[in-house]
Every structure is written in C-alpha cells, then in structure tokens.
Amino acid sequence: MQRETLSRRSVVALTTGCMASGLGAATVGGTLEDDAEDGDDADTGATEADLSRDSFSIMAGTTHETTVYVIDAPVDGPTAVVVGGIHGNEVAGYEAAGDINGWQIDAGTLVVIPEAHAVAVEQGTRSGDDWSDLNRQFPESEAPESDLAAAIWDVLVEYDADVVVDLHESTGIYAGDPVDGVGQAIFHGDSPTEVETAAAAAEFATDQYVDDPALEFETGPFSGPSTEPSGLLVHKATRDLGADSYLVETLSTDVPLETRVQWHLAITEQLVADAVFGSEPDNGHAPDVDGETAAADESDDTPDAEDDEDDEADENVADAPDETPVAEIRTDPDGAADLALEAGQTVTLDATCSTAPAGEIVYYQWDVGATAVFDESGETLEVTAGTNGRDTIVLRVVDDADRTATTSITLSTD
Ligand SMILES: [Zn+2]
C-alpha cells in the first residue's frame, strides 16, 4: 500500500549514501539498548528477534489516517500506551513518541501512536482544520466526541491499557495554576501509584537532565475525585479504564528541541518502566536523539550542553565505536538524489548495502519525510515522487547487538 504520507508530503527526492557522493548522508551511531547489563538478556542477539513488532492504521482512508505501533515481548505483562501528536504544534511530544516506537521492551506490550492527530501534526497546529481541541473530546463515562477520538480510544480499550502516557508541550511553566502554563510538569491521576510514579519520574528527569532550577519538573493532578470531566484522554483512561495515566508537558519556549525530546524519553521510560521494563527503571532503555543510551552519558551536562543543533541529520559522531553499523541507501534509478525526478516517478530505495562490522543487520526502518517516526520497515522501500518540493527519507538500521545507524536521502522533482 502506498503510504498516504508520500502523496501528502509530495515526496520528491532521494539521496544516496553508498552510491553517490555521500553528501548529506550523515551516519549516527550508538546502541539502542545496553542489554548486556540487564543480566536477563546476556545473548544480545535475542532481544529484537524475540520481540513482535506490528503496526496498523486507524482512520484508514481518511485525512486522519495514522499509524499505531505494537511491540510485544515474549514475556507476558502489562500494556503501556504512549500517545504523541494529539496537539500538532507540540513537536517534542510526537518526535519522542516516534522514537519510542523503536524501543525494545522486556515484558508485556508497548503500543505507540506517535501522531495521534496527523492533520494537526502535518499543519504544525494545535488542532486540525475541522476538529476542535482533540484533547477535550474524551468525556468520562461517555463516548468520545469525534471519530478520531473514538478511534484512539478504541486502541486503548482493545489493548486493555494498564499505563497511558500522553506527550505534550507548553509555552509556559507550570507553577500551580495551569492558566500560566503547564510546561515542565507531569500530571497524573489520583491513585497512590500514579502520584508516586509521577513524582519519581519528575525527580529522575530533573536530576539527570535539568541544570536550570527554573526548569525542574513538577507534578500535579489532572483530575481529583471531585474534578469535573474535562475531556482529557488521560482523564478518561484513568477513570474509565483504571489505567495509570500521565500527561507529560515540556517547556517549548527557548529550549532546544533535542533537549525537550530527551526529557520526554527519560520521563516516559520511568513512567512505563514497571509495566514493560521489569521492576527497576533502567535508563539504558531510553536512547537520546543521537541514538546513544542515556545511561552511557555519565556527565551531568544536559543533553544540549554539547550540541545545540536541532538538525540531527547533520550531526556526526566522530567517536562512534568501530562496531557501529553503517547505514547506506542505494536508489533505482541510480543516483536519484542527484536527479530532477518526474512527478509520479517511482524510486526504489535499497538499504541492503548497509553493513554491520560486528554482526548482521536485523532491522531496517524508514522515516519518510524525516518526521522522526520510523513507520516503514524492510530492506527496500518504494516511494513516489511528488509534483513539487523536496523531501527527505531517513533510514535506520539495527544490528543483532542492537547497535543502530541512520542515514538519509533527499529527493527532488525540481
Ligand atoms: Zn498539548
């Protein structure tokens, strides 16, 4: 099935890593997860192979079509659902969710909806053209108020969510009154577990990733026993499903995107740890945007201290270990990145020339449009050139020791 994204984004250009000059083909290396330290997983090749990864669309055939990712561990356990992009202008939330769908888990099921409100994400706006605020359409004890809200809710019900994490951003900081802003806060339901887990996650993120006291993470209730139904997804999830539910808000003003994404990753990892990572939160599960594990960074620097660049595609990791795989994209027609493609022309991207010096590549993931969502997989990918503009497709390869590398290609019809 041709991805809706392609026509919507008018994909036009591809670039090549291994055939062409390599211009613009940055390679970023690191480990997705340090399994060797988990003890229960000494065979580093087993984890990815044992996981079941699936995806499907909701609202298929409509402008609201979006992808749901389901990662199943071989060990039974609870289900955690992570949602991003309910508000399309809260970029760090959906970028983090797009990364989380590549996480490996130890037990249970992880369901990720990176771009819940695809139209709003595409537009970069809080709401879509024809919808009011999506996060006001989940009334307690009543049916969701739009088809999209109903489709999202159905996913939570279908998978019987035990933990729900909804990722957002705010232009202001929460200081007890949501009117002033809700950034740098984790809002939670009213059970003791939710209160304690949110507090622990806020403390962890603050300790590990915040230098400025003004940016310390706080917690607060999004609904108390007497709170009127507000239509929040998390409110409905905690009340109607009994799921431990959290709404994470980072500050989007004057903070690099990379830092905000790291905050979301670190907090989400803590919030879902008991469900899908076993009993002890292990920060090795939260890759930062360079693809390196946060646990590997033992400095006290915030992630942005060394690198303020938002454009991760331009980053190079000079000290990447020798065993890091190399992601490469070839194209048919040859050198498509350097061509002015015809609108409607099919280009095949071939990742089989990628290499893994210390093992073999077991997973090929594609992010069409450089949206930070790897929503295609396979050794090759067909894309259709659009009628105008340029677009970038990112390839991520994962080897049998969970080491990753990415590269990208940009296609153009002009
Ligand atoms: Zn929001």
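About the criteria used
- Residues numbered from 1 in each chain as written.
- Predicted model: local features only at pLDDT ≥ 70, side-chain atom pairs only at ≥ 80, totals over all residues.
- Heavy atoms only, no water.
- UniProt positions renumbered as here; feature names shortened; annotations may be inferred.
- Helix = DSSP H or I, 4+ residues; strand = E, 2+ residues; numbered from the N terminus.
- Buried < 20%, exposed > 50% of the residue type's maximum accessible area, 1.4 Å probe, protein only.
- Contact = heavy atoms within 4.5 Å.
- Areas by Shrake-Rupley, 256 points an atom, 1.4 Å probe, with all protein chains shown as cover.
- Pairing = 2+ DSSP bridges.
- Axes fitted to C-alpha atoms, helices over the stretch in contact; angles between N-to-C directions.
- Polar contact = N/O pair within 3.5 Å; in protein donor to acceptor, adjacent residues only side chain to side chain.
- Salt bridge = Lys/Arg side-chain N within 4 Å of Asp/Glu carboxyl O.
- Expected span 1.5 Å × (residues − 1).
- Donors = N, O, S within 2.8 Å, 3.2 Å for Na, K, Ca; no water.
- Tetrahedral: all angles 85-135°; square planar, octahedral: opposite > 155°, others 65-115°.

The name recorded for the chain in an unreviewed UniProt entry is Succinylglutamate desuccinylase, from Natronolimnobius baerhuensis. As stated in UniProt under Cofactor (unreviewed entry), the record for the chain gives "Zn(2+)".

## Overview of the overall build of the chain
Of regular secondary structure, the chain possesses 8 helices and 16 strands. Split into buried and exposed, the 414 residues of the chain put 57% on the buried side. For the chain, the share of sequence-separated contacts (at least 6 apart) that also reach a separation of at least 24 residues comes to 72%. Element-wise, carbon and sulfur atoms account for 44% of the exposed surface of the chain, whose accessible area totals about 16300 Å².

## Remarks on the sheet that holds strand S11 (residues 346–350)
Here 3 strands make up an open sheet; going across it, the order is S10-S11-S14 and the pairing antiparallel. Among the strands making up the open sheet, the edge pair consists of strand S10 (330–332) and strand S14 (380–384). Strand-to-strand, the axes of this sheet are offset by a mean angle of 25 degrees, without reference to chain direction. Bridge analysis of S10 against S11 gives 3 bridges, and the strand direction is antiparallel. Opposite Arg 330, over in S11, you have Asp 350 as the bridge partner.

## Some points on the environment of His 168
Within the secondary structure, His 168 is located in strand S6 (residues 163–170). His 168 gets classed as buried once you look at its relative accessible area, which sits at 1%. Along the primary structure His 168 and Val 248 are separated by 80 residues, whereas in three dimensions their C-alpha atoms are 5.8 Å apart. When residues no more than four places from it in sequence are discounted, the contact partners of His 168 are Ile 86, His 87, Glu 90, Asn 135, Leu 247, Val 248, Glu 249, Thr 250 and His 264. A distance of 2.8 Å separates the side chain of His 168 from the side chain of Asp 166, its partner in a polar contact.

## What to know about the pattern of salt bridges
If you walk through the whole model with that rule in mind, you get 7 salt bridges. Across the salt bridge formed by Glu 90 and Arg 126, the nearest N and O atoms sit 3.4 Å from each other. Pair noted here: Glu 90 is in the loop between strand S4 (79–83) and helix H3 (91–100) and Arg 126 is in the loop between helix H4 (118–123) and helix H5 (147–158), with a separation of 36 residues, a long-range link. Residue class for Glu 90 comes out buried when judged on its relative accessible area of 6%. By relative accessible area, Arg 126 is classed as partly exposed at 33%.

## Some thoughts on helix H6 (residues 192–209)
Taking 1.5 Å as the rise per residue, H6 with 18 residues should run 26 Å; its terminal C-alpha atoms sit 25 Å apart, in good agreement. Taken residue by residue, H6 has Glu 194, Thr 197, Ala 198, Ala 201, Ala 202, Phe 204, Ala 205, Thr 206 and Tyr 209 as its buried positions. Where H6 is buried, its residues contact strand S7 (185–188), strand S8 (218–221), helix H7 (233–240), strand S9 (244–251) and helix H8 (257–276).

## With respect to the coordination of the zinc ion
Protein ligation of the zinc ion involves His 87 (ND1), Glu 90 (OE), Glu 90 (OE) and His 168 (ND1), the donor distances falling in the range 2.0 to 2.5 Å. One can describe the site at the zinc ion as irregular: its 4 donor atoms subtend angles covering 56 to 146 degrees at the metal. Each donor residue of the zinc ion belongs to the same chain, and together they define the spacing H-x2-E-x77-H. Within this pair, whereas His 87 is found in the loop between S4 and H3, its partner His 168 is found in strand S6, the two being separated by 81 residues in sequence.

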